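Close look at the chain arrangement
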Amino acid sequence: MSTLEIKDLHVTVDAEKDTGDGTGHKEILKGVTLTVKSGETHAIMGPNGSGKSTLAYSVAGHPKYTITGGSVTLDGNDVLAMTVDERARAGLFLAMQYPVEVPGVSVSNFLRTAKTAIDGEAPKLRTWVKDVNATLDALNLDATFGQRSVNEGFSGGEKKRHEIAQMELLDPGMAILDETDSGLDIDALKIVSEGVNRFRAKEDKAVLLITHYTRILRYIQPDFVHVFVNGRIADEGGPELAEELEASGYDKYVKAAAV
Amino acid sequence: MGLDVSSHLHPVGSFDLADHPVPNGREEVWRFTPLKRLRGLHDEAVLTGTDFDVKVEAPEGVVAHSVPSAGSERGASGFVPTDRVSARVWQSAADVFTVEVPAEAELSDPVFVTFTGHGTAEAVAGQLLVKVGAHATATLVLRFQGSATFADNVEIVLGDGARLTYVTLQDWADDAVHHSTQHALVGRDASLKHVAVTFGGDVVRHDVTATYAGPGGDIEMLGLYFADAGQHIEHRLFVDHNAPKTRSHVTYKGALQGQGAHTVWIGNVLIRKEAEGIETYEENRNLVLTDGCQADSVPNLEIETGEIEGAGHASATGRFDDEQLFYLRSRGIEEKEARRLVVHGFFNDLIRRIAVPELEEQLAATVEAELSKNVLRDASSLGSSATMVKED
Ligand SMILES: Nc1ncnc2c1ncn2[C@@H]1O[C@H](COP(=O)(O)OP(=O)(O)O)[C@@H](O)[C@H]1O
Ligand SMILES: [Mg+2]
């Protein structure tokens, strides 16, 4: 069992442009509170630019973001005090919206190195190779995929399936999926959703599913839906909230936030 | 004063030392080089030192021996000194070490020539002539190690349809100075893969020029270098496309670490009027691992005909990419290990393209050894959120 608790989180980004206020910082998250427990799937839905990725990156520890207030704990442990890799070893996983190319590092080397780091020991070769092949295969990634450089020259769909493959193989307790559905055609969306559902079917897994569209929620049933607007959670509810958003969009929340 | 050189891509050579005044460091071709550290190779240093040994391992069929300069075939590549150091080597060196691969020979193993220096006090002049006969296939690995003050002229002559992989591996001790002038003549439809790997030495300056004896020739130049604190590593390349349908592809990659590490890469390509239908691409990438390093990178393409297949160049110098490190670390991989992966990845495709199986393991191990000097020793001192410079 694990519990991720985000309390009143305030985050600024080191702006590339002058913010006009002389600080060079721009507040993106303006007090986010959210608790995700094992066995639960939460969907965070919000328009572009509302700060969804900022939330995901902040929990994962991206150096670009500065936490200016609030807390994040995993089973009571201070996540914000951990290094990026410590967070991963504590059981957090982030499937990124824009996975990064690492030229010259093969997928298989990368996966093995990550698995070894997470487990604290090298995986048993025979079962590991079998697991990798089966996982790639289930995500419709062919056998030569392991020899390719991480994310280099991958199609959009391959990048997202590769993220899901990592999630399944590294087997974290808590997975944050940042717009894993974006840019996927319907077949790829189904394949990715099946991967997420396989993961959810295991014991004590928690999923925080960040999405812009309701489409993926037809394949992955959330237990809770949070509407994210302008750096805050504007509304919360059960799966029915997603249906409401499907019908009426984010307009009323965006307008309310602008007042 | 000296030779009339209108463009440094049209140098006029001379065997006469009087035509090569002592450089002062302001000349285009010398402006990056720390002349003071050349131990007089460019000036008056006596070049008759003998404190070294040479070991040769050659498969059957290869003739590898020393020939007195007078009776040698030196100059066969069309080489004429265009700078004072190579002119001095030409004047001073008594012998030419000659490696000949007969026409149509297919060598089973590489030829290994290992030069070991035993001191820096007396400067040494060396000459090497490599001749690969028509349609022959060969690999030559030249290894430099130990301490030396060394200047050499290398000529490489490929007959029609010949294929040569030429590797020069600078694994010098920290106090070595090595100035090398190399010229290749690539026959019709022949292909040369020229590989320079430079790890050691205090000052290493290689000046490599290549040209074609007929159409259809192919030149690939690959370079891998790793400069530590205080090291100066300079590679100057010049491909002269003087024949139609020729191709050249240059990829040099380097890493720099430690105070005063300095690398220079000059990539000159000239496409002459008669060189129609040629293709050329050159790139240089540098990975700066610590503060206090300098990587100079100057690609230069001079095109005299519009009738070409393609010509391009790229040059980029960057620090560790924070996004790459974040991605790897977000998968549980510790910072040091992430840095190691990124640097190995940076060099990996290059090592693969060198494609000399006998060297692959050694190169990977040398990269690892270089990394352990700095990057892996204390990653935290480098700052985990160092600003990122990324160019593409
Ligand atoms: N590096 C950055 N520099 C400046 N602004 C940024 C940076 N990263 C994100 N932002 C801004 O933060 C806001 C939220 O971005 P993001 O978290 O990516 O939103 P979402 O994922 O919901 O689309 C946007 O207004 C965006 O422009
Ligand atoms: Mg986003």
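Preceding this paragraph is the structure being described.
Residues numbered from 1 in each chain as written. Chains lettered and ligands numbered in written order. Predicted model: local features only at pLDDT ≥ 70, side-chain atom pairs only at ≥ 80, totals over all residues. Heavy atoms only, no water.

**Some words on the packing of aromatic side chains**
All names here are of chain B. Taken as a whole, this structure holds 15 aromatic pairs over all chains when the rule is applied. When the ring of F79 is compared with that of W90, the centres are 6.2 Å apart and the planes differ by 45°; the resulting orientation is tilted. A residue pair is termed long-range when its members are at least 10 positions apart, and F79 in the loop between β2 (63-68) and α1 (84-92) and W90 in helix α1 qualify at 11 residues. Relative to W172, the ring of F150 lies with its centre 6.2 Å away and its plane at 55°, an arrangement referred to as tilted. Here F150, found in strand β7 (residues 149-158), pairs with W172, found in strand β8 (residues 163-172); they are 22 residues apart in sequence, far enough to count as distant. Of the residues examined, F150 reaches a relative accessible area of 4% and is grouped as buried. Linked through ring pairs, F52, F115, F144, F150 and W172 together constitute an aromatic cluster. The ring of W30 has R205 sitting right over it, with the charged end atom 3.7 Å from the ring centre. K253 extends its terminal NZ or CZ atom over the ring of F346, reaching a point 4.7 Å from the ring centre. (Phe/Tyr/Trp six-rings, centres within 6.5 Å; stacked < 30°, edge-to-face > 60°. Helix = DSSP H or I, 4+ residues; strand = E, 2+ residues; numbered from the N terminus. Buried < 20%, exposed > 50% of the residue type's maximum accessible area, 1.4 Å probe, protein only. Lys NZ or Arg CZ within 6 Å of the ring centre and 35° of its normal.)

**Concerning the coordination of the magnesium ion (ligand 2)**
Residue and element names in this part refer to chain A. The protein atoms that coordinate the magnesium ion (ligand 2) are S53 (OG) and Q97 (OE1), at distances of 2.1 to 2.2 Å. With a gap of 44 residues between them, S53 in helix α1 (residues 52-60) and Q97 in the loop between β6 (92-95) and β7 (102-106) connect regions that are remote in the sequence. Judged by its relative accessible area of 19%, S53 is buried. (Donors = N, O, S within 2.8 Å, 3.2 Å for Na, K, Ca; no water.)

**A look at the pairing of strand β15 (residues 262-271) of chain B**
Residues and elements named next belong to chain B. For β15, a buried count of 10 out of 10 residues is recorded, marking the element as mostly surrounded by other parts of the structure. Every second residue of β15 is oriented toward a common face, with H262, V264, I266, N268 and L270 on one face and T263, W265, G267, V269 and I271 on the other, all of them buried. Where strand β13 (residues 232-241) meets β15, 10 bridges bridge the pair, whose relative direction is parallel. Across the sheet, V239 pairs through a bridge with V269, a residue of β15. As judged from the 10 bridges shared by β15 and strand β17 (residues 294-303), these two strands associate in the parallel manner. Bridge assignment links G267 to a residue of β17, and that residue is P299. (Pairing = 2+ DSSP bridges.)

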